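Next come the chains, spelled out residue by residue.
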Amino acid sequence: MSHLFLPDVSLIGTPTDVGAGVRGASMGPEALRVAGLVEKLQRCGVDVKDCGNLQGPPNPGSPPVGGFRHLEEVIAWNKVLHEAVYQEIQDGRMPVVLGGDHCLGIGSISAVAKHCRETGKELRILWLDAHADFNTADLTPTGNIHGMPVACLCGYGPDELTGIGGHSPAIRPDQVRQIGIRSVDDGEKHFVRSVGLEVFDMRCIGEMGMRHVMEQALSGIDQHTHIHVSFDVDFLDPDIAPGVGTTVRGGPNYREARLCMEMIADTGRLGSLDIVELNPALDHRNMTADLAVDLVESLFGKSTLVRVARTGKQYFGTRAAAE
């Protein structure tokens, strides 16, 4: 189906919602499996190993303490996920995290960043989300740690989270490109600007179009780049993806989202992936899981036509493919 080189994939289920304010994302991994993720990736030509689900503490449903809700539980889940992701990527496989809420990005990306430091790869993180997730204990209006993972990865947070993997900070802000953002808390937006995080919000997409946004987000990528995609399903417009706990109107439509995924696939540099915040309890007949799996197929090379790259430019259509 694809002209791309496709690495072996390891699915890592992480069934928890300890970082979220709404219960249900813990059921996300199974919903993705029910939507046929394994079979559809295999159809793309991918060797898939389903590692099953990781084990961690349950959601205690307790209020925030010191600006953090469920801090100990979030730490435990991210530590076990860090080890699982690091092991699979060391074995030469592509880790695909099935979340679970977006606090899991801390453990997943810290493991990928560790691997990149050890192998001399330059890490580029594409954060597909409705939210910037750059809150801190002082800024957060809720205490929910799924609104803090990017800040924690950049070194702004409790030591137990910023130091997972033995290196703090795990990443630099200039390694991140955020796409689809349309909900940022008041204090958070000033913090985002002060650290220089590169954000392509929905205004950018509306003014420039998804193609131009993705060209900018992918600029500078070469054969030494490892792309990590952190795909929060609330990146999508809730009209097509209602199964999330934090819907925000005005997100990318299906065509825009698929173009985003196809352009990432065209680079051939995808090295790791998170799929998070899918909440089957809020979905309709698993339609959001089905859509997420469809878009992940595009990340792995599914396309309408065979596209042939030539002299650094991308040629489209059947005529170019036939030449």
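As a starting point, this report considers the structure included with it. (Residues numbered from 1 in each chain as written. Predicted model: local features only at pLDDT ≥ 70, side-chain atom pairs only at ≥ 80, totals over all residues. Heavy atoms only, no water.)

### Looking at the pairing of strand β8 (residues 270-276)
Part 1: With respect to burial, β8 is a largely interior element, 7 of its 7 residues being buried.
Part 2: Two strands pair when backbone bridges link them, and strand β3 (residues 94-99) and β8 are joined in this way by 3 bridges, in the parallel orientation. By the bridge assignment for β8, valine 96 is matched with leucine 273.
Part 3: Bridge analysis of strand β7 (residues 225-232) against β8 gives 6 bridges, and the strand direction is parallel. (Buried < 20%, exposed > 50% of the residue type's maximum accessible area, 1.4 Å probe, protein only. Helix = DSSP H or I, 4+ residues; strand = E, 2+ residues; numbered from the N terminus. Pairing = 2+ DSSP bridges.)

### Points about helix α7 (residues 186-195)
Part 1: Every buried residue of α7 is listed here: Glu188, Phe191, Val192 and Val195. Relative to the axis of α7, the buried residues are bounded by an arc of 105° and lie together on one face. Facing away from the buried surface of α7 by more than 90 degrees, the exposed residues are Asp186, His190, Arg193 and Ser194.
Part 2: Close packing links the buried residues of α7 with β6 (198-201).
Part 3: Positive phi appears at glycine 196, one or two residues downstream of α7, with a value of about 80°. (Arc of directions from axis to C-beta. Contact = heavy atoms within 4.5 Å.)

### What about the packing of aromatic side chains?
Part 1: Counted according to the given criterion, the structure contains 4 aromatic pairs.
Part 2: Taking the centre distance of 4.9 Å and the plane angle of 75° together, the rings of tyrosine 156 and phenylalanine 191 count as edge-to-face. Separated by 35 residues along the polypeptide, tyrosine 156 in the loop between α5 (149-153) and α6 (159-162) and phenylalanine 191 in helix α7 bring together distant segments of the chain.
Part 3: For phenylalanine 191, a relative accessible area of 16% puts it in the buried group.
Part 4: Here the aromatic cluster, defined as three or more aromatic residues joined through ring pairs, consists of Phe134, Tyr156 and Phe191. (Phe/Tyr/Trp six-rings, centres within 6.5 Å; stacked < 30°, edge-to-face > 60°.)

Honestly, it's all geometry; don't read function into it.
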